[in-house]
Amino acid sequence: MIIKGKDLSTSIKEALKVRVGVLNEQYGRTPNLTVILVGDDPGSVSYVTGKAKAATEIGIRNTTIRREATISEQELLDIIEQLNNDDDVDGVLVQLPLPKHINENKIIAAILPEKDVDAFHPMNVAKLWLKQPCVLPCTPKGIIKLLHFAGVDIAGKEAVVIGRSNIVGQPVAKLLLDANATVTVAHSKTKNLAEVARRADILVVAIGRERFVTADMVKPGAVVIDVGVNRDTRTGKLCGDVDFEEVQHVAAAITPVPGGVGPMTITCLMENTVEAFVNRMNK
Ligand code: NAP
């Protein structure tokens, strides 16, 4: 079974569009998202374009503020402060990565937590780890939705997450743990990685290396979630971290790249923006 994130994403976006219409009647305005893009990295430009497109489809007002890579940290902080103070703005997102001279942690911490639709602010991260109500980070949230969509009962399963970044690996592991899986987090120092991976009923891979996970690393019947986004050196096309051609014959279910986790990340961002709007309206 191929887990079609694109299909799930389309149906969630359709429901969000209806909801935004109802919210507009209720509150007299629609949610408003501002994305800040620094520099012209092609990957970042493409992500930001995708976010703006999805927002427009749903009826979320959206603005992209573009600045040169030479912008100073203080200038960026000033823009964020303005957006924090703007009552008409519900969601603020700074596209990462930022140029080296800018301290990303400082920038993320400057965003008002209630407008932090990416859920990277330390306050939102802390709430996630303390199991308090919070905004969920988009990619991990999308992965859990994909597992539900595929009919996977997470409770009691052995889950292995390869990768331990703050934005994917660790929060995915936490959400799987909260859904009562037994979770192992593997990383670049993990010994016998293939053996560890083969234990997984649910294998989540977020490394950033093309065709890293081969069929011999996957337990027959496992569910494989491929988060990676890489450029295939053979074809020049987008590909994941998993050797899809091989692994699809071993796994019970697998997400494709593109069309798996990627669209869900953007859709969950839209959902977070609508939730931020509703929370602000009801404050
Ligand atoms: P990251 O911050 O670079 O983290 C990569 C992780 O992979 C690290 O924890 C690293 O281990 C681990 N790793 C690297 N080489 C390894 C190896 N040989 N064996 C085991 N573990 C290894 O990356 P990220 O931000 O989590 O992103 C991972 C991938 O997901 C990238 O391709 C990115 O583009 C993609 N991504 C996709 C979406 C989406 O929406 N589809 C969203 C976010 C990211 P150490 O900690 O030991 O260094």
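Report follows, based on the coordinates. Computed from a predicted structure; not experimentally measured. Residue positions are given per chain, counted from 1 along the sequence in the order it is written. For this predicted model, a pLDDT threshold of at least 70 governs which residues receive local features, and a threshold of 80 or more governs which side-chain atom pairs are given and counted, while totals over whole chains, interfaces and linings are taken from all residues. As a rule here, side-chain values cover all heavy atoms of the structure and leave hydrogens and water aside.

1. Overview of the site of the ligand
Threshold: Any residue with a heavy atom positioned within 4 Å of a molecule or strand is treated as near that molecule or strand. Polar contact is defined as a pair of N or O atoms within 3.5 Å, subject to the rule that within protein one atom must be able to donate a hydrogen and the other to accept it, and that residues adjacent in sequence are counted only when both atoms are side-chain atoms. Residue burial considers only the protein chains on display, and all accessible areas are found by Shrake-Rupley using a 1.4 Å probe. Here a helix means four or more residues in a row that DSSP labels H or I, a strand means two or more in a row labelled E, and each is numbered from the N terminus.
Neighbouring the ligand are 22 residues; R164, S165, S188, R209 and T265 lie closest to it. Here R164 contributes a side-chain N or O atom positioned 2.7 Å from an oxygen atom of the ligand. A distance of 3.4 Å is found between a nitrogen atom of the ligand and a backbone nitrogen or oxygen belonging to V227. Burial of the ligand by the surrounding chains reaches 72%, relative to a free accessible area of 920 Å². Considering each element in turn, the shell around the ligand owes the most residues, three residues, to helix α10 (residues 261–281).

2. Digging into unusual backbone geometry
Among all residues except glycine, the phi angle is most often negative; among peptide bonds, the trans geometry is most common. Convention followed: Working definition: with a 1.4 Å probe on protein chains only, accessible area under 20% of the residue-type maximum means buried, over 50% means exposed, and in between means partly exposed.
Looking along the chain, the bond that leaves L96 and enters P97 is cis, with omega of 0 degrees. Cis peptide bonds are those with omega within 30 degrees of zero, and the linkage from V257 to P258 qualifies with 0 degrees. The backbone phi angle of K131 is positive, close to 60 degrees, even though this residue is not glycine. Examined against the element boundaries, K131 turns out to sit in the loop between α5 (122–129) and α6 (138–149). By relative accessible area, which is 59% here, K131 ends up exposed. Positive phi values are uncommon outside glycine, yet N180 reaches one of about 70 degrees.

3. Focus on the sheet that holds strand β1 (residues 32–38)
Strand pairs in the sheet, formed through backbone hydrogen bonds, run parallel or antiparallel to each other. Stated precisely, the cut-off is as follows: By definition, two strands form a pair when at least two bridges between them are found by DSSP. In this description, a line fitted to the C-alpha atoms serves as the axis of each element, helices being fitted only across the stretch in contact, and the angle between N-to-C directions of two axes falls anywhere from 0 to 180 degrees. The contact rule is simple, with two residues in contact once any of their heavy atoms fall within 4.5 Å.
What the three strands build is an open sheet, ordered β2-β1-β3; its pairing is parallel. In the strand order of this sheet, the two ends are held by β2 (61–67) and β3 (91–94), each with one partner. Averaged over neighbouring strand pairs, the angle between their axes works out to 15 degrees when direction is ignored. Direction of pairing for β1 relative to β2: parallel, over a ladder of seven bridges. In the strand pairing of β2, I36 is matched with I65. In the packing of helix α3 (residues 73–85) onto the sheet, contacts are made with β1, β2 and β3, and the angle to β1 comes to roughly 180 degrees.

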